[in-house]
Amino acid sequence: MVQVQPSINKNGNLKIPVKFEKLVQPLSIDEKDHNRPKQLISVNRGVNEVLTNDLAVENDYFKYKLLKNPWVPSIHYNFKKDIVVGNRAFLFKWFSIYPWLAYSKIFKGTFCLYCVLFQTHVSHGGFQEQFINKPFQRYKKFLEKANNHSKTQWHIESSIRFNDFINMTSKNSSVHQMINTNYKNKIDANRKKLIPILSSLYFCALHNLPIREKTDDSAVFNKLLQFRIDAGDNILKDHLENAPKNLTYISHRTQNEMLESMSATLKSVISQEINEASCFSIIADETADISGIEQLSICIRFLKDNNLHEEFIGFYPLKEFDAEFISKTILEACNHM
């Protein structure tokens, strides 16, 4: 399969095949950093994502993205500011007349998308270069020249290639589509493995059950996982039996990270409810834990739908006990919600 292989010129800019230079603009890169991924981006912003050379951009994939998602200026676009030849500006309604028409605000002119992407042999000079190797900018005679272009042999051949290409790509999945499908399937499989682990951890937190004991075998969390396996959760069973030891997602460190994620999500929900409330107040009180460390307990009471709600935000250690430090701790707790 033919590939777009960019190279670097002496100015440190990416060079691309001539047939794509009207649709693609090289991005400037640091001459001292030629080893980093080189990127191509559509001038007309028709290709939404950046295509990297490291992924071996394929012509077919590139063409398909440009054909399916070409950049089209807004109906309110000011074409008059792009006038280069004469005093006539491009008319937006011409897009509906010629489906092959593409406009470039960089080159301030129009191109034939079919002929640029599926170019056959084109003679240089005269109107044969217009719409293909050069932008068409003489809009006083646009309809005449566009009709003439539509009847040329090279445009007819390019149109046939375009139709064949669309039919082929519609029936067959591209390499990129297959890669995306496999990637999506992998994500779905990983989610199915994580759901029983997360839900077991959530169950422990919801019912104030200790997650860990002196040994993992006696921990409530691990017993819940075993209960799921005994109940027929083959996905969890296969995961715990065959996953690498460092990828089981049931270690103490992973448990803490999951709890922190749950806490952040819960705080976000509480914060949204408080912002929607008509009024709220902050309740703070000092207390010491079992090790004797002074902590500040913070709760928020708010009125929502004519009902009074009170939510616990968390415990925050106090290094100092003056009003300034306590106020600062309360503000930081509210800011991190």
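Please read all numbers here as calculations on a predicted model, not as lab measurements.

**Re the nonpolar core**
Then, number 1: Formed by 31 residues in total, the largest nonpolar core has its most connected members in Leu 67, Phe 90, Trp 100, Leu 101, Tyr 103, Phe 131 and Phe 142.
Then, number 2: Ranked by size, the runner-up nonpolar core spans 14 residues in total, among them Ala 277, Leu 296, Tyr 316 and Ile 326.

**Focus on the sheet that holds strand S9 (residues 294-304)**
Strand pairs in the sheet, formed through backbone hydrogen bonds, run parallel or antiparallel to each other.
Then, number 1: The strand order S8-S9-S10 describes an open sheet built from three strands, whose pairing is antiparallel. Strands with a single pairing partner mark the edges of an open sheet, and in this sheet they are strand S8 (279-288) and strand S10 (307-317). Along the sheet, successive strands turn relative to each other by an average axial angle of 20°, direction set aside.
Then, number 2: As paired elements, S9 and S10 share ten bridges and run antiparallel to each other. For Leu 303, the partnering residue across the bridge sits in S10 and is Leu 308.
Then, number 3: Running at roughly 45° to S9, helix H9 (residues 252-276) makes contact with S8, S9 and S10 of the sheet.
Then, number 4: Docked against the sheet, helix H10 (residues 323-335) engages S8, S9 and S10, running at close to 55° with respect to S9.

**Topic: the environment of Ile 293**
Then, number 1: Relative to the assigned elements, Ile 293 resides in the loop between S8 and S9.
Then, number 2: Spatially, the C-alpha atom of Ile 293 lies 7.9 Å from that of Leu 318, the residues being 25 residues apart in sequence.
Then, number 3: The residues contacting Ile 293, other than those within four sequence positions of it, are Thr 287 and Ala 288.

**Comments concerning helix H4 (residues 142-151)**
Then, number 1: All of the buried residues along H4 are Phe 142, Ala 146 and His 149. Angular distribution of buried residues about the axis of H4 spans 60°; they occupy a single face of the element.

**Concerning unusual backbone geometry**
Then, number 1: Positive phi, close to 65°, is recorded for Tyr 249, a residue that is not glycine.
Then, number 2: Tracing the sequence through the fold places Tyr 249 in the loop between helix H8 (234-242) and H9.
Then, number 3: The partly exposed category is assigned to Tyr 249, whose relative accessible area is 36%.
Then, number 4: For Asn 306, which is not glycine, the phi torsion reads 65° and is therefore positive.
Then, number 5: Take Asn 306: it is sitting in the loop between S9 and S10.

**Some remarks on the pattern of salt bridges**
Then, number 1: Within this structure, the stated rule accounts for six salt bridges.
Then, number 2: Close ionic contact of Lys 108 with Asp 82 constitutes a salt bridge, the shortest N to O distance being 3.5 Å. Highlighted residues: Lys 108 in the loop between strand S6 (101-104) and strand S7 (109-112) and Asp 82 in the loop between helix H1 (59-68) and helix H2 (94-97), separated in sequence by 26 residues.
Then, number 3: The buried category is assigned to Asp 82, whose relative accessible area is 2%.
Then, number 4: Lys 304 is the partner of Glu 273 in a salt bridge, and the nearest nitrogen-oxygen pair spans 3.9 Å. Of this pair, Glu 273 sits in helix H9 while Lys 304 sits in strand S9, placing them 31 residues apart in sequence.
Then, number 5: A relative accessible area of 23% means that Glu 273 is categorised as partly exposed.

**Focus: the packing of aromatic side chains**
Then, number 1: As enumerated under the stated definition, the model contains 25 aromatic pairs in all.
Then, number 2: When the centroid spacing of 5.4 Å and the interplanar angle of 70° are considered together, the rings of Phe 92 and Phe 95 count as edge-to-face.

**Some remarks on the pairing of S7**
Then, number 1: Here S7 shows two buried faces, one formed by Gly 109 and Phe 111 and the other by Thr 110 and Cys 112.
Then, number 2: Bridging between S6 and S7 involves four bridges; their strand directions are antiparallel. Each residue of the ladder has a partner; that of Leu 101, found in S7, is Cys 112.
Then, number 3: Adjacent in sequence and paired antiparallel, S6 and S7 are bridged by four residues, among which Lys 108 carries a positive phi angle near 55°.

**A word on the side chain of His 155**
Then, number 1: Here His 155 is to be found in helix H5 (residues 153-171).
Then, number 2: A distance of 3.2 Å separates the side chain of His 155 from the side chain of His 149, its partner in a polar contact.
Then, number 3: The contact partners of His 155, leaving out residues within four places of it in the chain, are Trp 100, Cys 112, Tyr 114, Cys 115, His 149 and Ser 150.

Each value, and the rule that gives it
- Residues numbered from 1 in each chain as written.
- Predicted model: local features only at pLDDT ≥ 70, side-chain atom pairs only at ≥ 80, totals over all residues.
- Heavy atoms only, no water.
- Core = buried A, V, L, I, M, F, W, Y, C linked by side-chain atoms within 4.5 Å.
- Buried < 20%, exposed > 50% of the residue type's maximum accessible area, 1.4 Å probe, protein only.
- Pairing = 2+ DSSP bridges.
- Helix = DSSP H or I, 4+ residues; strand = E, 2+ residues; numbered from the N terminus.
- Axes fitted to C-alpha atoms, helices over the stretch in contact; angles between N-to-C directions.
- Contact = heavy atoms within 4.5 Å.
- Arc of directions from axis to C-beta.
- Salt bridge = Lys/Arg side-chain N within 4 Å of Asp/Glu carboxyl O.
- Phe/Tyr/Trp six-rings, centres within 6.5 Å; stacked < 30°, edge-to-face > 60°.
- Polar contact = N/O pair within 3.5 Å; in protein donor to acceptor, adjacent residues only side chain to side chain.

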